[in-house]
Amino acid sequence: MSEPVPVLTFDGPSGSGKGTIASRVARTLGWHLLDSGALYRLVALGAARRGMDMADEGALADYAAQMAVDFEILPDSGEVVARLDGEPVGNAIRTEQVGNDASKVAALETVRAALLQRQRDFRQPPGLVADGRDMGTTVFPDAGLKIYLTASAEVRAERRYKQLKEKGISASLAGLLREITERDVRDTERQSSPLKPAADAIVLDTSALDIDQVVEQVLAWCRDRFAVGGQ
Ligand code: DC
């Protein structure tokens, strides 16, 4: 039997630095990247554009199963372009409204089930870096290295504030802190695949670390676990 394609999972709450770190590590290793949060955001955006009811579980699950999405990695910048119905979505999936709707649709068991195989299909050679909430617990339970990134709610709200500002999206720090706290409760307390570290995950608190420090630490673990990543 051939060796399974290696997987590195990043789980943790919004603003823990997962997205940035996962994409930097994927580029360094030359592995594929799954931004699973983008899939939930695309369900929320597509459903809103169709005027669907965010509480209609059956309709949302059907939509999640058949929605036309694809991701393209731009070779020069490494930036990921997400498309819905063939059109790039740009920052439309990054608004707080879509994030809140995504958190609601992500609590629906049948929506999660509809997205499961779509996520597993990203596991292609030479390897996959998977970023989300349940990558190590549910989607890739056999991943070779599982990392759970966390940070205090205050630090996460500040990071998010800066990120949105850089993208030209306006937001209030107090509002972001409230939304992050509410989203944490919803993500950790839901019945289906709640946000929590896998039993075999390494937990890393990034509150006092910068991105370079976290990336270095993760690459050291990757060299150890997968025998990749240079030096
Ligand atoms: O990471 P993000 O903010 O883009 O994720 C958007 C929402 O989707 C977030 O509220 C949690 C949910 N999500 C999830 O439930 N499971 C995942 N694997 C990824 C995201």
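For the structure itself, consult the block above.
Conventions and cut-offs
- Residues numbered from 1 in each chain as written.
- Predicted model: local features only at pLDDT ≥ 70, side-chain atom pairs only at ≥ 80, totals over all residues.
- Heavy atoms only, no water.
- Near = heavy atom within 4 Å.
- Polar contact = N/O pair within 3.5 Å; in protein donor to acceptor, adjacent residues only side chain to side chain.
- Areas by Shrake-Rupley, 256 points an atom, 1.4 Å probe, with all protein chains shown as cover.
- Helix = DSSP H or I, 4+ residues; strand = E, 2+ residues; numbered from the N terminus.
- Pairing = 2+ DSSP bridges.
- Core = buried A, V, L, I, M, F, W, Y, C linked by side-chain atoms within 4.5 Å.
- Buried < 20%, exposed > 50% of the residue type's maximum accessible area, 1.4 Å probe, protein only.
- Contact = heavy atoms within 4.5 Å.

Below, the discussion takes up the site of the ligand. Around the ligand, the surrounding shell holds 17 residues, and the nearest of these are Ser36, Arg41, Arg112, Arg133 and Asp134. Here Ser36 contributes a side-chain N or O atom positioned 2.9 Å from a nitrogen atom of the ligand. Between Arg133 and the ligand, the recorded distance is 2.8 Å, taken from a side-chain N or O atom to an oxygen atom. Calculation on the ligand without its partners gives an accessible area of 450 Å², and the protein chains cover 94% of this total. Where the shell around the ligand is concerned, the elements lending two or more residues are α2 (36-49), α4 (96-105) and α8 (173-189). No other element matches α2, which puts 4 residues into the shell around the ligand.

Let us look at the sheet that holds strand β5 (residues 87-88). Across the sheet, which stays open at both edges, the 3 strands sit in the order β3-β4-β5 with antiparallel pairing between neighbours. This sheet does not close on itself; its edge strands, each paired only once, are β3 (69-73) and β5. The pairing of β3 with strand β4 (residues 80-84) spans 5 bridges and is classified as antiparallel. Bridge pairing in β4 links Phe71 to Ala82.

A word on the nonpolar core. In terms of nonpolar packing, the biggest core is built from 34 residues, with Leu42, Met67, Val111, Leu115 and Phe140 touching the most fellow members. Those elements that provide at least two residues to this core are α2, α3 (57-66), β4, α4, α5 (109-120), β6 (128-132) and α6 (135-139). In terms of residue count, the dominant contributor to this core is α2 (8 residues). Filtering out sequence-adjacent residues up to four positions away, Val111 remains in contact with Tyr40, Leu60, Ala61, Ala64 and Val105.

Any link to function would need more than the numbers given here.
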